[in-house]
Amino acid sequence: MALLEIHKLNRRFGGLHAVNNVSFNLDQGMIKAVIGPNGAGKTTLFNLISGNLQANSGTVFFDKRPIHGLKPFQIARCGISRTYQNIKLFPGMTALENVMVGRHVQSKAGFLSGMLNLPSCWSEEKEIRTKSLELLELLDITEFADTEAQSLAFGQQRAVEFARALASEPKILLLDEPAAGLNIYETAEIARLITKIQNRGITVLLVEHDMSLVMDISDEIVVLSFGEKIAEGLPAAIQKNKEVIQIYLGDDDA
Amino acid sequence: MAVKNYLSVLILIAVVVSIQLATKATDTSYYLTQLTMTGYYSLVIIGLCLVMGYAGQLSLGHAGFFAIGGYTSAVLTTYNLTTLLEQGNGLVRFLSDKGLLISTLDLYGEAVLYINPWPAAIIAVILTASIAFMIGIPVLKLKGHYLAMATLGFGIIIFRIALATEILGEADGISEIPGFTLFPGICVNGDFGNRVMNYYIAWVLVLIGVILLLNLIHSRVGRALRAIHGAEDAANAIGVNTAHYKLYTFVISAVFAAVAGIFLTHYNGGIGPSEAGIMKSVRYVAIVAIGGMASMWGALTMGVLLNFMSLRGMFGSYDDAVFGAIMIIIMLFAPNGLLNLSVWQKISKSAGKEKG
Ligand SMILES: Nc1ncnc2c1ncn2[C@@H]1O[C@H](COP(=O)(O)OP(=O)(O)OP(=O)(O)O)[C@@H](O)[C@H]1O
Ligand SMILES: [Mg+2]
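Residues numbered from 1 in each chain as written. Chains lettered and ligands numbered in written order. Predicted model: local features only at pLDDT ≥ 70, side-chain atom pairs only at ≥ 80, totals over all residues. Heavy atoms only, no water.

## A closer look at the site of ligand 1
Residues and elements named next belong to chain A. Not every one of the 13 residues close to ligand 1 is listed here, only the nearest: G39, K42, T43, T44 and Q85. The contact in question runs from an oxygen atom of ligand 1 to an N or O atom on the side chain of N38, over 2.9 Å. Taking K42, its side chain carries an N or O atom lying 2.8 Å from an oxygen atom of ligand 1. Across the complex, the protein chains shield 62% of the 620 Å² of accessible surface that ligand 1 would expose by itself. Residue assignment for the shell around ligand 1 shows that the elements contributing at least two residues are strand 2 (16-27) and helix 1 (42-50). A per-element tally of the shell around ligand 1 places helix 1 first, with three residues. Here the shell around ligand 1 is built from residues that sort into four nonpolar, seven polar and two charged. (Near = heavy atom within 4 Å. Polar contact = N/O pair within 3.5 Å; in protein donor to acceptor, adjacent residues only side chain to side chain. Areas by Shrake-Rupley, 256 points an atom, 1.4 Å probe, with all protein chains shown as cover. Helix = DSSP H or I, 4+ residues; strand = E, 2+ residues; numbered from the N terminus. Nonpolar A, V, L, I, M, F, W, Y, C, P; charged D, E, K, R; others polar.)

## As for the pairing of strand 2 of chain A
All names here are of chain A. Bridging between strand 1 (residues 2-13) and strand 2 involves eight bridges; their strand directions are antiparallel. Paired with R11 across the bridge in strand 2 is V19. Taking the residues between adjacent antiparallel strands as the criterion, strand 1 and strand 2 are bridged by two residues, where G14 takes a positive phi near 60°. (Pairing = 2+ DSSP bridges.)

## Some thoughts on the coordination of the magnesium ion (ligand 2)
All names here are of chain A. Within the first shell, the magnesium ion (ligand 2) binds the protein through T43 (OG1) and Q85 (OE1), at distances of 1.9 to 2.1 Å. One end of the pair, T43, is in helix 1; the other, Q85, is in the loop between strand 6 (80-82) and helix 3 (95-102), and 42 residues separate them in sequence. Since its relative accessible area comes to 33%, Q85 is described here as partly exposed. (Donors = N, O, S within 2.8 Å, 3.2 Å for Na, K, Ca; no water. Buried < 20%, exposed > 50% of the residue type's maximum accessible area, 1.4 Å probe, protein only.)

## Digging into the sheet that holds strand 1 of chain A
Residue and element names in this part refer to chain A. A sheet is described by the order of its strands in space; here four strands give the open sequence 2-1-4-5, paired in antiparallel fashion. The open sheet is flanked by strand 2 and strand 5 (65-66), the only strands paired with a single partner. Sitting on the sheet, helix 1 is in contact with strand 1 and strand 2, with an inclination near 115° to strand 1. (Contact = heavy atoms within 4.5 Å. Axes fitted to C-alpha atoms, helices over the stretch in contact; angles between N-to-C directions.)

## Observations regarding the domain arrangement of chain A
All names here are of chain A. For chain A, the assigned domains are domain 1 (1-79 + 170-254) and domain 2 (91-164). Its C-alpha centre places domain 1 at a distance of 27 Å from the equivalent point of domain 2. Contacts between the two partners involve 16 residues from domain 1 and, on the opposite side, seven residues from domain 2. In this assembly, domain 1 packs against domain 2 so that about 860 Å² is buried in total across both faces, 75% of it on carbon and sulfur atoms. Our enumeration of links across domain 1 and domain 2 arrives at zero salt bridges. Counting every contact that joins domain 1 to domain 2 gives three residue pairs in polar contact (both at pLDDT 80 or more). Within the residue set of the side of domain 1 that touches domain 2, elements represented by two or more residues are helix 2 (72-78), strand 7 (172-176) and helix 7 (184-199). Residue contributions to the side of domain 1 that touches domain 2 peak at six residues, all from helix 7. Its residues assigned to classes, the side of domain 1 that touches domain 2 shows ten nonpolar, one polar and five charged. (Domains from an automatic or database assignment. Buried area = accessible area lost by both parts, 1.4 Å probe. Salt bridge = Lys/Arg side-chain N within 4 Å of Asp/Glu carboxyl O.)

## Digging into the packing of aromatic side chains
Residues and elements named next belong to chain B. Summed over all chains, the structure comprises 14 aromatic pairs over all chains. Seen in terms of ring centroids, Y199 and Y200 are 5.2 Å apart; in terms of plane orientation they differ by 75°. Their pairing is edge-to-face. A network of ring pairs unites the aromatic residues Y40, W118, F180, F263 and Y267 as a single cluster. (Phe/Tyr/Trp six-rings, centres within 6.5 Å; stacked < 30°, edge-to-face > 60°.)

See the structure below:
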């Protein structure tokens, strides 16, 4: 059953067709990778799904409901969460606080109850904190809970962002190059983590340049080139796909 | 809210009480007048601190909200309704039946009929909140200097309206505004004998304001506001309705300004267009900036210090210039506020360099 259905999605930047008529489905519980050379339109595709950018045309259905045209916060409430290629943490806030903001959609205290510090807030606040600490634990960054997130090392910042995205208990997690800038050990760690997340029932859509990571963990792969989908299928099939090989190895002898 | 903050509140209470006792001991209770007024201005400042420091929005229109509150309450509590009641005006009769009017004799022994300050104040708050809401919807879509300019424009409009409207007293403003009896025996007015009481009324109000805002800052909403301040897109993408949050924060801070305007107007017994002036708005912004933007206590401390000095006339005719200069200096040398540790480290470091 398709949890996310992307149909004929288009996005132009002036004369540049960054996402060109892209369609594919994402089934419940799988890890799907989107690969393609630099500038292929992968991040743009993510921005269209998460609502950070509006499509020129095309539709996105989540759980059979149209979500194209919704605001990012509405899409987040539906259960889609994301990380960014160029990490976007909340400056001036600790790692823990960053993750706690991630629990926004799972909690409800508003302005009035916040100002009056009503007892109903206390238990909720406690839950937000406990759940967030659990995620820091999962990502092995508990010791940095009270450190300002932006002052952390690169790998730890990625981990905080990861935890923040998980804190919202999403049905779909969009990961934009989660292994970029990480060393091989950290990359292996991320791979384990993504599989672990999948085992918890979360569906993952992943953009990644690290081919061994992609081939290891993904159930399916979509290949973009110059905004267009040029291939889709199982990792083994993609590895053998002529067009894909051409793109990745250059087309000197094509 | 963390223990640390309750402790800070206790310290604030202690400071407020000690200042009053000190003025009594040193026979300087005439300071209480300026300290009371300072209290009300502090209310505007902490509200603005929420908008600027936590939600990251700049407003150069807060004197406008102060004035809307003050003027509304002033007009309602000084407009003589006797003739309207005699003409059988339905609304006035309704207010009269509900006991919301006060009848007294004026200086010449004529019967006069006014709206009671309580309903007047409530109307003033609702009006200010509605205006802030309506202004906020389009204006808060803007960012940076565009937002500053739009709120500045709003402030100018309110100032010109105050200056040009007959019922608002034009350049003279409105005077002879009655006291505001909050509870039997507790009245906001400028009577000499009520000086101590009014000092405490003002500062209890500030205290309530501080507690409400500290609670908010340390709640789920406060975290979301700080997130918006830091990375609005990311906050939105994680599920925060950023437009609503910015709007509600703006309205809350406008209400703080309106309440301050209402109380100060009854305390002074009058209000004039200078309260709506742009330089007042600039002053509020400068104080929040010098206090460190996102520091309620910093803004409060600097607000008390500077407003008190200004009200005591210490800046002479350079009053507005002083606040303008503060703004420039802060932006150049200490964008995180004067009470911020890193500023002093920087200063001591550069001092060390000069020596070495
Ligand atoms: N906001 C924008 N305005 C104009 N052009 C843009 C914008 N965002 C992306 N582009 C362009 O669209 C194309 C696709 O960019 P995108 O970031 O989606 O690529 P990508 O596949 O994520 O690349 P990379 O692997 O380098 O991250 C690029 O040519 C890029 O320059
Ligand atoms: Mg990209």
